[in-house]
Amino acid sequence: MRTLHGRLYLLVILGGAVGVVGCKKGAPPPSETGAADTAAAAPAPAAPEAFAVAEVTLGKAIGTDKRVASPSTTFGPKDTIYASVATTGSAPSKTLTAKWTFQDGQTVKEGSETIAPTGPAVTEFHMAKPSGWPVGKYKVEISADGTPATTKEFEVKK
Amino acid sequence: MPDAKQPKADFSDVEGGSSSTAPAPSGRSYTVVKGDSLSKIAKHLYGDAQKWRKIYEANRDQIKNPDLIYPGQTFTIPDA
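Residues numbered from 1 in each chain as written. Chains lettered and ligands numbered in written order. Predicted model: local features only at pLDDT ≥ 70, side-chain atom pairs only at ≥ 80, totals over all residues.

Student: Is there a simple way to think about the overall build of chain B in this case?
Tutor: Across its full length, chain B holds two helices and three strands. Ordering the α and β elements of chain B from the N terminus gives β-β-α-α-β. The contacts of chain B with a sequence gap of at least 6 include a subset with a gap of at least 24, amounting to 54%. (Helix = DSSP H or I, 4+ residues; strand = E, 2+ residues; numbered from the N terminus. Contact = placed C-beta atoms within 7 Å.)

Structure, rendered in structure tokens:
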């Protein structure tokens, strides 16, 4: 009996040892790659976010972050008018264009900024008229690579 | 409707400008050759393989998986 018990104990111990080794074999192997394969060790990336114009805000002044602090759609004749364009996504090169027009269809000003965003960004366009803005209604159309994204209307009052 | 007799508004003295928090596109580009990886390109161009993510972020429209880049792809290389 002792011999039989001894053999059973031995089998149980050996079985346990095999089980442990088996578990280790199932674990992921340590990375054998060095710095040159950093990309392989990187966590799965999120799906690339496409570039898009998120929001356009008008105002009389901007902060260092290019954002309008006090949004407004009514301006005085001597105001500098800012359009702050918030974008999302990344792109190696995108050209944002702001086309400002007067109520009669006249183009007041057109400007563009080419950027290479790697995430959320803010681009500002501004215009001023030292002799004073004619009273009336205006609009600014923002486009990205020539494709209209959004239009904002505003008014100049005395 | 604007009055037809009203003189056309003069915008000849309008001044303007623009600026952005986003970087301007770099003039540098790199075309992938056989055997390249993002970290290998970063090591070659920046001297630091760990900067591979800068290239990845700037070219996300082309790179779906940072482990998979293909010979012939041309990437924009942002400033280090």
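Here the narrative resumes.
Student: What exactly am I supposed to notice about the sheet that holds strand 7 (residues 136-144) of chain A here?
Tutor: Consider a sheet: its strands pair through backbone hydrogen bonds, and that pairing is either parallel or antiparallel. Residues and elements named next belong to chain A. On the basis of which strands lie adjacent, the open sheet formed by five strands has the order 2-8-7-4-5 and mixed pairing. One side of each edge strand has no neighbouring strand; the edge strands of this open sheet are strand 2 (74-75) and strand 5 (107-115). Here strand 4 (residues 94-102) runs beside strand 5; their pairing, made up of eight bridges, is antiparallel. By the bridge assignment, lysine 94 is partnered in strand 5 with isoleucine 115. (Pairing = 2+ DSSP bridges.)

Student: Is there a simple way to explain the interface of chain B and chain A in this structure?
Tutor: Interface size is commonly expressed as the accessible area that is lost once the parts come together. Taken together, the contact between chain B and chain A spans 36 residues of the former and 40 residues of the latter. Within the residue set of the side of chain B that touches chain A, elements represented by two or more residues are strand 1 (15-20), helix 1 (38-46) and helix 2 (52-58) of chain B. In terms of residue count, strand 1 of chain B provides more of the side of chain B that touches chain A than any other element does, six residues in total. Among the residues making up the side of chain B that touches chain A, the classes are represented as 14 nonpolar, twelve polar and ten charged. Summarising the sheet, strand 6 (residues 121-128) of chain A and strand 1 of chain B pair through six bridges and their orientation is antiparallel. Its bridge partner being in strand 1 of chain B, Thr123(A) is matched across the sheet by Ser20(B). (Nonpolar A, V, L, I, M, F, W, Y, C, P; charged D, E, K, R; others polar.)

Student: How do you make sense of the sheet that holds strand 6 of chain A when you look at a structure like this?
Tutor: Judged by pairing direction, the sheet is antiparallel, and its four strands sit side by side in the order 1(A)-3(A)-6(A)-1(B) without closing on themselves. At either end of the open sheet lies a strand with only one pairing partner, and these are strand 1 (52-59) of chain A together with strand 1 of chain B. Recorded for the sheet is a direction-independent mean angle of 15 degrees between the axes of neighbouring strands. For strand 3 (residues 81-88) of chain A and strand 6 of chain A, the ladder comprises seven bridges, and the chain directions are antiparallel. In the strand pairing of strand 6 of chain A, Tyr82(A) is matched with His126(A). (Axes fitted to C-alpha atoms, helices over the stretch in contact; angles between N-to-C directions.)

Student: Explain the confidence of the model for chain B here, please?
Tutor: Predicted coordinates in regions of low pLDDT should not be interpreted in detail. Mean pLDDT over chain B stands at 85; residues scoring 70 or higher make up 91%. Model confidence for the complex: the whole-complex pTM is 0.61, and ipTM, which rates the interface, is 0.70. (pLDDT = per-residue confidence, 0-100.)

Student: Could you clarify how one ought to interpret the confidence of the model for chain A in this entry?
Tutor: When the pLDDT values of chain A are averaged, the result is 79; 70% of them are 70 or greater. The secondary-structure element of chain A with the lowest mean pLDDT is helix 1 (residues 2-26) of chain A, recorded at 42, while strand 2 of chain A shows the highest, at 98.

Student: Sorry, what's going on with helix 1 of chain B here?
Tutor: Think of an α-helix as turning once every 3.6 residues; residues three or four places apart then point the same way. Looking only at helix 1 of chain B, the buried set comprises Leu38(B), Ser39(B), Lys40(B), Ile41(B) and Ala42(B). Gly47(B) lies just past helix 1 of chain B and shows a positive phi near 80 degrees. (Buried ≥ 20, exposed ≤ 12 C-beta atoms within 10 Å, placed from the backbone.)

Student: Explanation requested: the pairing of strand 3 of chain A in the structure shown.
Tutor: Remark: a regular strand shows side chains that alternate across the two faces of the sheet. All names here are of chain A. Of all eight residues in strand 3, six are buried; the element is thus mostly enclosed. With seven bridges connecting them, strand 1 and strand 3 associate as antiparallel partners. Bridge assignment links glutamate 55 to a residue of strand 3, and that residue is alanine 86.

Student: So what exactly am I meant to see when it comes to the environment of Thr73(A) here?
Tutor: Residue and element names in this part refer to chain A. Residue position: threonine 73 is located in the loop between strand 1 and strand 2. Taking the C-beta count within 10 Å as the criterion, threonine 73 has 12 such neighbours and is therefore assigned exposed. Counting along the chain gives 79 residues from threonine 73 to lysine 152, while the straight-line C-alpha distance between them is 8.6 Å. The contacts of threonine 73, once residues within four sequence positions are left out, are Leu58, Glu153, Phe154 and Glu155.

Student: Teacher, can you tell me more about the nonpolar core here?
Tutor: Nonpolar side chains in soluble globular proteins generally cluster together in the buried interior. Ranked by size, the top nonpolar core spans 36 residues in total, and within it Ala83(A), Val85(A), Ile142(A), Leu38(B) and Ile55(B) carry the most contacts. For this core, the secondary-structure elements that each account for two or more residues are strand 1, strand 3, strand 4, strand 5, strand 6 and strand 7 of chain A together with helix 1 and helix 2 of chain B. (Core = buried A, V, L, I, M, F, W, Y, C linked by C-beta atoms within 7 Å.)

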